[in-house]
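Inside the fold
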Amino acid sequence: LQGASIKNLEASSNGNGRVAAVKLEDGSTVEADTVIIGIGSKPAVGPFERVGLNTDVGGIQVDGQFRTNIPGIFAVGDVAAFPLKIYNRISRVEHVDHARRSAQHCVKALLSAQSSTYDYLPYFYSRVFEYEGSTRKVWWQFFGDNVGETVEIGNFDPKIATFWIESGKLKGVLVESGSPEEFKLLPELARRQPPIDKAKLQNASSVEEALDIARGSLQAAV
Ligand SMILES: Cc1cc2nc3c(=O)[nH]c(=O)nc-3n(C[C@H](O)[C@H](O)[C@H](O)COP(=O)(O)OP(=O)(O)OC[C@H]3O[C@@H](n4cnc5c(N)ncnc54)[C@H](O)[C@@H]3O)c2cc1C
């Protein structure tokens, strides 16, 4: 339901204090017993105005080596609005992988003659519900750009995958409960963005089959 606006939440009639449904602005109703609020976050950059802020994506504006416009001041991690080379746009990435890599890149540039531009492939992962007693852990990896249309394959029994396709090209891919080999394929797909047959992908009966189709699209693109 991309782009839908919520009008209000409706409480359960049995008085247990739980939500029962979500009313949308278009008049439709979605039954729900849990609502997860994902509203994003904004870095608190007020004190750093003089360093140079980016008003489009928020954060502190830096170049491909994480230099701000004041010599000797650098910004890395969540707060850095940096040139995301692969997509040719300024971006902020909120993830520990980027936090570590951006810091490494910045320090290397400082301590050596390295002058290369940071070339990051967006990567997100999470490992939740792995606590003791959990009947089903949920662990996923995403590589690439979450733009365009999505094709979702599978369910949580045993795993799921989502593919983002724009202008006929595979732009991003998420796999939950993947094998090490499957996870290894994801950055290659996201980096190379092969043309992909959306209808074929939609007809895949399993995550494995969908990933085989994606792997095949890489070979076809050679
Ligand atoms: C709820 C939640 C879940 C997340 N889950 C995941 C996950 O599953 N996997 C994953 O990889 N990433 C996850 N992240 C993102 C990850 O935590 C961040 O990308 C990462 O911590 C960024 O590191 P950082 O060093 O850039 O910033 P931070 O870790 O935010 O560190 C910035 C530090 O600067 C301090 N600070 C801020 N302003 C000032 C100031 N004016 N003066 C002095 N100090 C200041 C802050 O207190 C903070 O300690 C999650 C984040 C949140 C909020």
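Residues numbered from 1 in each chain as written. Predicted model: local features only at pLDDT ≥ 70, side-chain atom pairs only at ≥ 80, totals over all residues. Heavy atoms only, no water.

1. As for the packing of helix α2 (residues 180–192) against helix α4 (residues 207–220)
Threshold: Helix axes are fitted only over the stretch in contact, all axes being lines through C-alpha atoms; the angle between N-to-C directions runs from 0 to 180 degrees. Under the scheme used here, helices are H or I runs from DSSP no shorter than 4 residues and strands are E runs no shorter than 2 residues, and both carry numbers assigned from the N terminus. Any angle that falls under 35 degrees is termed roughly parallel, while one over 145 is termed roughly antiparallel, one within 65 to 115 roughly perpendicular, and all others oblique. Handedness of a crossing follows from how the near helix is turned relative to the far one, being left-handed for an anticlockwise turn of less than a right angle and right-handed for a clockwise one. Throughout, a contact is declared for two residues whenever any of their heavy atoms are within 4.5 Å.
Contact geometry for α2 and α4: axes closest at 11 Å, N-to-C directions at 45 degrees. In terms of their interaxial angle, α2 and α4 are classed as oblique. The two elements α2 and α4 meet at a crossing, and its hand is left-handed. Here Glu 182, Leu 185, Leu 186, Glu 188, Leu 189 and Arg 192 of α2 come into contact with α4, specifically with Glu 208, Leu 211, Ala 214, Arg 215 and Leu 218.

2. Let's talk about the sheet that holds strand β9 (residues 149–154)
Short version of the rule: Any two strands are treated as partners once DSSP identifies two or more bridges connecting them.
Ordered in space as β7-β8-β11-β10-β9, the 5 strands form an open sheet in which the pairing is antiparallel. Two strands in the sheet have a free side with no partner beyond their single neighbour: β7 (123–128) and β9. Averaged over all pairs of adjacent strands, the angle between strand axes in this sheet comes to 15 degrees, irrespective of strand direction. Of the pairings in the sheet, the one linking β9 to strand β10 (residues 160–166) comprises 6 bridges and is antiparallel in character. Following the sheet pairing, Glu 152 is matched in β10 by Thr 162. Helix-sheet contacts for α4 involve β9, β10 and β11 (169–176), and the interaxial angle to β10 is about 30 degrees.

3. Notes on the UniProt feature "domain: FAD/NAD(P)-binding" (unreviewed entry) in the chain
Filter applied, for reference: UniProt positions are given in the numbering used here, feature names are shortened, and annotations may be inferred rather than shown by experiment.
The positions that UniProt labels "domain: FAD/NAD(P)-binding" (unreviewed entry) are, in the present scheme, residues 13–102. As annotated, residues 13–102 comprises 8% helix and 21% strand, and the C-alpha atoms at either end are separated by 50 Å.

4. So, the sheet that holds strand β2 (residues 19–24)
The 3 strands are arranged β1-β2-β3 in an open sheet whose pairing can be described as antiparallel. In this open sheet, the two edge strands, each paired with only one partner strand, are β1 (6–11) and β3 (29–31). Within this sheet the neighbouring strands show an average axis-to-axis angle of 25 degrees, counted without direction. Where β1 lies against β2, 5 bridges are found, and the strand directions are antiparallel. Its bridge partner being in β2, Glu 10 is matched across the sheet by Ala 21.

5. Thoughts on the pairing of strand β8 (residues 138–144)
We apply this condition: When accessible area is computed with a 1.4 Å probe and restricted to protein chains, residues below 20% of their type maximum are described as buried, those above 50% as exposed, and intermediate ones as partly exposed.
Counting buried positions along β8 yields 5 of 7 residues, so the element is predominantly enclosed. Note: β7 against β8, 6 bridges, orientation antiparallel. Residue pairing across strands places Tyr 123 opposite Phe 143, the latter belonging to β8. In this structure, β8 lies alongside β11, joined through 5 bridges in antiparallel fashion. Counted as the bridge partner of Gly 144 is Gly 172 from β11.

6. Some thoughts on the domain arrangement of the chain
In plain terms, the rule: For the domain bounds, the source is a domain assignment made automatically or taken from a database.
According to the domain assignment, the chain contains domain 1 (1–36), domain 2 (49–111) and domain 3 (123–220). With centres defined by C-alpha atoms, the gap from domain 1 to domain 3 works out at 29 Å.

7. Digging into the nonpolar core
Quick reminder of the rule: Within this scheme, the nonpolar core is defined by two criteria: the residues are buried Ala, Val, Leu, Ile, Met, Phe, Trp, Tyr or Cys, and they are joined through side-chain atoms within 4.5 Å.
Phe 82, Phe 163 and Leu 201 are the most contacted members of the largest nonpolar core, which totals 39 residues. Broken down by secondary-structure element, the contributors of at least two residues to this core are β5 (80–84), β9, β10, β11, α2 and α4. Looking at this core element by element, the count peaks at 6 residues for α4. In terms of domain composition, this core takes at least three residues from each of domain 2 (49–111) and domain 3 (123–220). Among all residues touching Phe 82, those that are not within four sequence positions of it are Val 62, Phe 66, Arg 89, Ile 90, Ser 91, Arg 92, Val 93, His 98, Tyr 118 and Tyr 120.

8. Description of α2
Two residues of an α-helix separated by three or four positions point the same way, owing to the 3.6 residues in each turn. Let me state the cut-off plainly: Note: the arc covers the axis-to-C-beta directions of the helix.
Glu 182, Phe 183, Leu 185, Leu 186, Leu 189 and Ala 190 are the residues of α2 that are buried. One side of α2 carries all its buried residues, which in axial view fall inside an arc of 155 degrees. Set apart from the buried face of α2 by more than 90 degrees, the exposed residues are Pro 180, Glu 181 and Lys 184. Those residues of α2 that are buried are in contact with β8, β11 and α4. Gln 193, located one to two residues past α2, shows a positive phi value of around 50 degrees.

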